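Fold and contact review
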Amino acid sequence: MLSLPDTVDVHAKAAAAKATLARTPARLIVSAMLAGMWIGVGDVLMWSAAGPLHVAGDPMEKLVAGGVFAAALTIVVFAGSELVTSAMMILPLGAIRRTVSWVRAMGVLLAIFFSNMLGAFAFAWVMIQTGVLQHGPAGEFFQDYLAGKVDHTPSELFWRGVMCNVLVCVAIWAAARLRSEAGKAIIIFWAVLAFIASGFEHVVANMTTFAIGLMQGDVTWAEFGTNMTFVGLGNLVGGAVVIGLAYTFVAGKARRDDAPAGGPVEAAEAILEDAPAR
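Keep in mind that what you see is a predicted model, and the values were worked out from it rather than measured.

Attention now moves to the overall build of the chain. Within the chain one finds 11 helices and 0 strands. From first element to last, N terminus to C terminus, the chain shows the α and β order α-α-α-α-α-α-α-α-α-α-α. A compact globule built from 278 residues would reach a C-alpha radius of gyration of about 19 Å, and the chain, at 18 Å, matches this within 12%. Structurally, the chain occupies a C-alpha span of about 60 × 35 × 35 Å along its principal axes. In the chain, buried positions account for 50% of the 278 residues.

As structure tokens, this is what we get:
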């Protein structure tokens, strides 16, 4: 297992790698669109698998929903794609460690956010064409799920967003410390189970939910914008401050005697061979 200082280094150099990828915008956009799609797959899987339990009022609904949704982040990490919620921890951490500038970090973060959204909307359109959510328990669960998100106050959305990304980013943080691929998958599973079963809010998962609702005329653009704004800000605080800044502080000052040769890009390429893609 990596030490805390080494784990900070891994994520700081991952930030430099993201900034390098952004030099070829098409590659960054496609990678982030894939992440938006994989999270959407988790949404549909959750509605389909837990839908019968939701309709029946079974208390196991949340555990099943959280357990199957874990597939989404697992695929993102192991397949390799750019997800904004984990980038909310990685890019600010890189700016703190000066592997990227703050301006560059925020620019890349926004690019990933909107590219995730583009992938989520494309995936939502395909799901509407399949008709899998038009009837049956999956469709009923989706409708109730969407209605619940619209009913939350901005304050509730923000704090649920904070807690969601605390769990998502601690999964990415801990996975980088582990050498075992099985161990990485296990920690991701438990963290995602915790945030879904608790009812917390993930901005990218909500992109697919609201995209389907918008295309079907179930929600308004104002409701979509409110959710994206407050959940997104909450996710940013949870990832950047609660996990990224806190663990950087605990790890202590950056060590300079064992830094890899070359610039931040070369360092990132060297250390990311053993780090999970995200």
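Attention now goes to the packing of helix α7 (residues 154-177) against helix α10 (residues 221-251). Following both chains from N to C, one finds α7 and α10 inclined at 40°, their axes separated by 6 Å at the closest point. Our classification of the angle between α7 and α10 gives oblique. Both α7 and α10 take part in a crossing whose hand is right-handed. Classifying every residue of the contact of α7 with α10 gives 16 nonpolar, 8 polar and no charged.

Two elements in contact, helix α4 (residues 84-96) and α10, have axes separated by 8 Å at closest approach and are oriented at 45°. Classed by the angle they form, the pair α4 and α10 counts as oblique. The two elements α4 and α10 meet at a crossing, and its hand is right-handed. Of α10, the residues touching α4 (which contributes Thr-85, Met-88, Met-89, Pro-92, Leu-93 and Ile-96) are Gly-232, Asn-235, Leu-236, Gly-239, Ala-240, Ile-243, Gly-244, Leu-245 and Thr-248. Its residues assigned to classes, the contact of α4 with α10 comprises 9 nonpolar, 6 polar and no charged.

A word on helix α8 (residues 181-198). An ideal rise of 1.5 Å per residue puts 26 Å on 18 residues; α8 measures up with 26 Å between its terminal C-alpha atoms. For α8, every residue scored as buried is listed here: Lys-184, Ile-188, Ala-191, Val-192, Leu-193, Phe-195 and Ile-196. Backbone nitrogen of Ala-182 and a side-chain oxygen of the N-cap are separated by 3.2 Å at the start of α8; the cap is Ser-180. Just downstream of α8 lies Gly-199, where phi reads positive at about 85°.

Notably, Arg-98 is not glycine yet its phi reads approximately 65°, a positive angle. Relative to the elements of secondary structure, Arg-98 occurs in the loop between α4 and α5 (102-130). Judged by relative accessible area, Arg-98 falls into the exposed class, the value being 77%.

Counting through the fold element by element, His-152 comes out in the loop between α6 (136-151) and α7. Expressed as a C-alpha distance, the spacing of His-152 and Asn-227, which sit 75 residues apart in the sequence, is 8.9 Å. Setting aside residues no more than four positions away along its own chain, His-152 makes contact with Leu-157, Arg-160 and Glu-201.

Below, the discussion takes up the packing of aromatic side chains. Using the criterion set out here, one finds 12 aromatic pairs in the structure. Look at Trp-47 and Tyr-145: their rings are 5.9 Å apart centre to centre, the planes differ by 70°, and that puts the pair in the edge-to-face class. Residue Trp-47 is found in helix α2 (residues 25-56), and its partner Tyr-145 is found in helix α6; the two are separated by 98 residues along the sequence. Using a relative accessible area of 0% as the deciding quantity, one classes Trp-47 as buried. Classification of Tyr-145 by relative accessible area gives buried; the value is 18%. Joined through ring pairs, the aromatic side chains of Trp-47, Phe-141, Phe-142 and Tyr-145 make up one cluster.

Here we come to empty space enclosed by the protein. The tally for this structure, following the rule as stated, stands at 1 cavity of 30 Å³ or more. Space inside the largest cavity adds up to approximately 30 Å³. Looking at the largest cavity, the residues that line it are Tyr-145, Lys-149, Phe-195, Ile-196, Phe-200, Glu-201, His-202, Ala-205 and Asn-206. Among the elements of the structure, α6, α8 and α9 (203-216) are those that each provide at least two residues to the lining of the largest cavity.

Another point: the side chain of Thr-85. Assignment of secondary structure puts Thr-85 in helix α4. With near-sequence residues (within four places) excluded, Thr-85 lies in contact with Asn-165, Val-168, Cys-169, His-202, Val-203 and Asn-235.

Thresholds applied
- Residues numbered from 1 in each chain as written.
- Predicted model: local features only at pLDDT ≥ 70, side-chain atom pairs only at ≥ 80, totals over all residues.
- Heavy atoms only, no water.
- Helix = DSSP H or I, 4+ residues; strand = E, 2+ residues; numbered from the N terminus.
- Rg over C-alpha atoms; globule rule 2.2 N^0.38 Å.
- Buried < 20%, exposed > 50% of the residue type's maximum accessible area, 1.4 Å probe, protein only.
- Axes fitted to C-alpha atoms, helices over the stretch in contact; angles between N-to-C directions.
- Parallel < 35°, antiparallel > 145°, perpendicular 65-115°, else oblique.
- Left-handed = near helix turned anticlockwise from the far one by under 90°.
- Nonpolar A, V, L, I, M, F, W, Y, C, P; charged D, E, K, R; others polar.
- Contact = heavy atoms within 4.5 Å.
- Expected span 1.5 Å × (residues − 1).
- Polar contact = N/O pair within 3.5 Å; in protein donor to acceptor, adjacent residues only side chain to side chain.
- Phe/Tyr/Trp six-rings, centres within 6.5 Å; stacked < 30°, edge-to-face > 60°.
- 1 Å grid on protein atoms, 1.4 Å probe; cavity = no way out; pocket = protein on both sides within 12 Å on 5 of 7 lines; lining within 4 Å.
- Points joined across faces, edges and corners; volume = space filled by probe spheres on them.

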